[in-house]
Amino acid sequence: AGPGGVPGAPEPPDPAAFRTLQDYKDEAERVFIMKKLKENRWNVSKTARAIDTPRSNLYKKLEQYGISRDQVQE
């Protein structure tokens, strides 16, 4: 279980593995987005609604983190 003992939640990154707070936050955000994309079968519009962010912002995050559909396996 991940944060708060929620079954199926992604494990948070190990803080010791990162040099800066921003690096840690970026990795946590990347893991979160990938998990949500998988849950929503790579439907970007549905995922954006689920995480309460504009679709355009989610597309920017996908580009920022180099996330592509090949990385999100069913």
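For the structure, see preceding data.
(A) Examining the overall build of the chain more closely. Helix and strand content of the chain: three helices and zero strands. When the elements of the chain are put in sequence order from the N terminus, they spell out α-α-α. Residues counted as buried form 23% of the 74 residues belonging to the chain. Within the chain, contacts between residues at least 6 apart in sequence are counted, and of these 43% link residues at least 24 apart. Accessible surface for the chain amounts to roughly 5300 Å². Of this, 49% is attributable to carbon and sulfur atoms.

(B) Representation of the packing of aromatic side chains. A complete count under the given rule lists one aromatic pair for this structure. On the basis of an interplanar angle of 80° and a centroid distance of 5.9 Å, the ring pair of Phe 18 and Tyr 24 is categorised as edge-to-face. Taking relative accessible area as the criterion, Phe 18 reaches 25% and is therefore assigned partly exposed. Given the relative accessible area of 25%, Tyr 24 is considered partly exposed.

(C) Up close: helix α3 (residues 55–65). Listing the buried residues of α3 in full gives Leu 58, Lys 61, Leu 62 and Tyr 65. In a view along the axis of α3, the buried residues occupy a sector of 100°, so they form one face of it. Relative to its buried face, α3 has exposed residues pointing more than 90 degrees away, namely Lys 60 and Glu 63. Next to the buried residues of α3 lie α1 (21–39) and α2 (44–50). Residue Gly 66 follows α3 closely and has a positive phi angle near 65°.

(D) Representation of the pattern of salt bridges. Counted by the stated rule, this structure contains three salt bridges. Glu 39 is the partner of Lys 36 in a salt bridge, and the nearest nitrogen-oxygen pair spans 3.4 Å. Taken together, the residues span about one helical turn, with Lys 36 and Glu 39 both in helix α1 at a distance of three residues. Overall, the relative accessible area of 23% leaves Lys 36 in the partly exposed class. Glu 39 sits in the partly exposed class, given a relative accessible area of 46%.

Thresholds applied
- Residues numbered from 1 in each chain as written.
- Predicted model: local features only at pLDDT ≥ 70, side-chain atom pairs only at ≥ 80, totals over all residues.
- Heavy atoms only, no water.
- Helix = DSSP H or I, 4+ residues; strand = E, 2+ residues; numbered from the N terminus.
- Buried < 20%, exposed > 50% of the residue type's maximum accessible area, 1.4 Å probe, protein only.
- Contact = heavy atoms within 4.5 Å.
- Areas by Shrake-Rupley, 256 points an atom, 1.4 Å probe, with all protein chains shown as cover.
- Phe/Tyr/Trp six-rings, centres within 6.5 Å; stacked < 30°, edge-to-face > 60°.
- Arc of directions from axis to C-beta.
- Salt bridge = Lys/Arg side-chain N within 4 Å of Asp/Glu carboxyl O.

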